[in-house]
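# Survey of secondary and tertiary structure
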Amino acid sequence: SWLIVGQLFLILAFIKKWSAGGKADCSADLSNKVAVITGANAGLGFETAKALLKMGCKVVIACRNQTKATLAIEKLKRETKSNLVSFMMIDLADLESVKSFAAKLRIRYPKVDILVNNAGVGWMSTLTTKQNIEIHWGTNHLGHMYLVQLLLPTLLEHKSKIIFVGSRSHRKYGGKINFKDPEFKRQSESGRGIMLHAYGHSKLANIMCGNELQRRY
């Protein structure tokens, strides 16, 4: 079995080129394919969903806020003329929510062709997840990796594509994983600095886990 695992640049083919004002190439035929995108109610996730819908793909918007998801779905339907988009609730800051989502997803869609791990939080200095884990590490990294782990047997069986949306912040603020203190609990730094480091740390973990998935499978 094989997976395609990538960072931000691997989904640039699916989204607008923001700086150049270009358009995504939506000529591929993805009919009968199913894509799950976390955090697709806005930003890169929304644009990825739009491009995939234009290619005939079924898209599941996986996020925690149903109101925002509903508004995004209405906009996607208007802009793509496709009704192949739906919402499923997941809170990546709660591992029980991730577990529940994965169980429901396996029933609703036994085959998922594309999993885009896009959702993320940033600039949240003192917050923790439901399991009392530092918010960046728990949401951006652990939440997504737990989701991948729960879905992995099915994803491998169907040779599905797994994509991690990365960030340049991993280079500047997270050049090396601190495995002794991944949640920055023993760091003397605080405020803006700790937020930047924590975010970069979590995005580096995304890339490292993506690379390891690619190596193993």
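Above: the structure in question.
Residues numbered from 1 in each chain as written. Predicted model: local features only at pLDDT ≥ 70, side-chain atom pairs only at ≥ 80, totals over all residues. Heavy atoms only, no water.

## Focus on the pairing of strand E2 (residues 58–63)
Rules: Summary of the burial criterion: residues with accessible area below 20% of their type's maximum are buried, those above 50% are exposed, and those between are partly exposed, where the area comes from a 1.4 Å probe applied to protein chains only. What counts as a helix is a DSSP run of H or I of at least four residues, what counts as a strand is a run of E of at least two, and both are numbered from the N terminus. When DSSP locates at least two bridges between a pair of strands, those strands are taken to pair.
Here E2 lies mainly inside the structure; 5 of its 6 residues are buried. Note that strand E1 (residues 34–38) and E2 share 5 bridges and pair parallel. Along E2, the bridge assignment pairs Thr38 with Ala62. Judged from the 5 bridges that link them, E2 and strand E3 (residues 85–89) form a sheet pairing that is parallel. Bridge pairing in E3 places Ala62 opposite Met88.

## A look at the environment of Leu156
When you line up the elements, Leu156 lands in helix H4 (residues 135–157). Judged by relative accessible area, which is 16%, Leu156 ranks as buried. Taking the C-alpha atoms as reference, Leu156 lies 8.1 Å from Tyr217; in sequence the two are 61 residues apart.

## So, the nonpolar core
Worth spelling out the cut-off: Joining through side-chain atoms within 4.5 Å is the link that ties buried Ala, Val, Leu, Ile, Met, Phe, Trp, Tyr and Cys residues into a set, and such a set is a nonpolar core. Whether two residues are in contact is decided by their heavy atoms, any of which lying within 4.5 Å being enough.
Of all hydrophobic cores here, the largest spans 26 residues; its most connected members are Val36, Phe101, Leu105 and Leu147. Listed by contribution, the elements that provide at least two residues to this core are E1, E2, helix H3 (95–108), H4, strand E5 (161–164) and helix H6 (192–216). No other element matches the 7 residues that H4 contributes to this core. Among all residues touching Val36, those that are not within four sequence positions of it are Val60, Ala62, Phe101, Leu105, Val112, Ile114, Leu115 and Val116. One finds Ala35, Ala51, Ile114 and Val116 within the second-largest nonpolar core, a separate group that totals 24 residues.

## As for the packing of helix H1 (residues 43–54) against helix H2 (residues 66–80)
Let me state the cut-off plainly: For helices, the fitted line uses only the C-alpha atoms of the stretch in contact; every axis is such a line through C-alpha atoms, and the angle between N-to-C directions lies from 0 to 180 degrees. Angle categories: roughly parallel below 35 degrees, roughly antiparallel above 145, roughly perpendicular from 65 to 115, and oblique for all the rest. Crossing chirality is assigned from the near helix's rotation relative to the far helix, an anticlockwise turn below a right angle marking it left-handed and a clockwise turn marking it right-handed. Ten residues, namely Ala, Val, Leu, Ile, Met, Phe, Trp, Tyr, Cys and Pro, are considered nonpolar, four, namely Asp, Glu, Lys and Arg, are considered charged, and the remaining ones, Gly among them, are considered polar.
Remark: H1 packs on H2, axes separated minimally by 10 Å, with the N-to-C direction vectors making an angle of 40 degrees. When the axes of H1 and H2 are compared, the pair comes out oblique. Considering how the two elements wind past one another, H1 and H2 form a crossing that is right-handed. Facing H1, whose interface residues are Phe46, Ala49, Lys50, Leu53 and Lys54, H2 presents Ala72, Lys75, Leu76, Glu79 and Thr80. Residue composition of the contact of H1 with H2, grouped by class: 5 nonpolar, 1 polar and 4 charged.

## Some words on H4
Stated precisely, the cut-off is as follows: Every helix has an expected span of 1.5 Å times one less than the residues it contains. Bend, at a single residue, is the angle you get between axes fitted to the 7 residues ending at that residue and the 7 residues starting at it.
With 23 residues, H4 extends 32 Å from end C-alpha to end C-alpha; this agrees with the ideal 33 Å at 1.5 Å per step. Along its length, H4 shows its largest kink, about 60 degrees, at Leu151, and proline Pro153 lies within four residues downstream of that point. Judged by how many residues are buried, H4 sits mostly within the fold: 17 of 23 residues are covered. Looking one or two places after H4, you find Lys159, whose phi comes out positive at around 55 degrees.

## Focus: unusual backbone geometry
Of note, Lys81 is a non-glycine position whose phi angle comes to about 60 degrees, a positive value. Within the element layout of this structure, Lys81 appears in the loop between H2 and E3. Although it is not a glycine, Lys159 adopts a positive phi angle of roughly 55 degrees. Here Lys159 shows up in the loop between H4 and E5. On the basis of relative accessibility, which here comes to 45%, the residue Lys159 falls in the partly exposed class.

## Quick notes on the sheet that holds E1
One open sheet holds the 5 strands; their spatial order is E3-E2-E1-E4-E5, and the pairing between them is parallel. Across the chains shown, the open sheet's two edge strands, defined by having one partner strand only, are E3 and E5. Within the sheet, the average angular offset between the axes of one strand and its neighbour, ignoring direction, is 15 degrees. Across the sheet, H4 touches E1, strand E4 (114–117) and E5, and the angle it forms with E4 is around 170 degrees.

## Some remarks on H1
Between its terminal C-alpha atoms H1 stretches 17 Å, which fits the 16 Å expected from 12 residues at 1.5 Å a residue. Most of H1 is tucked away: 9 of the 12 residues are buried. Along H1, the residues that are buried comprise Gly45, Phe46, Glu47, Thr48, Ala49, Lys50, Ala51, Leu52 and Leu53. Elements that come into contact with the buried residues of H1 comprise E1, E2, H2, E3 and E4. Just past H1, the residue Gly56 takes up positive phi, approximately 90 degrees.

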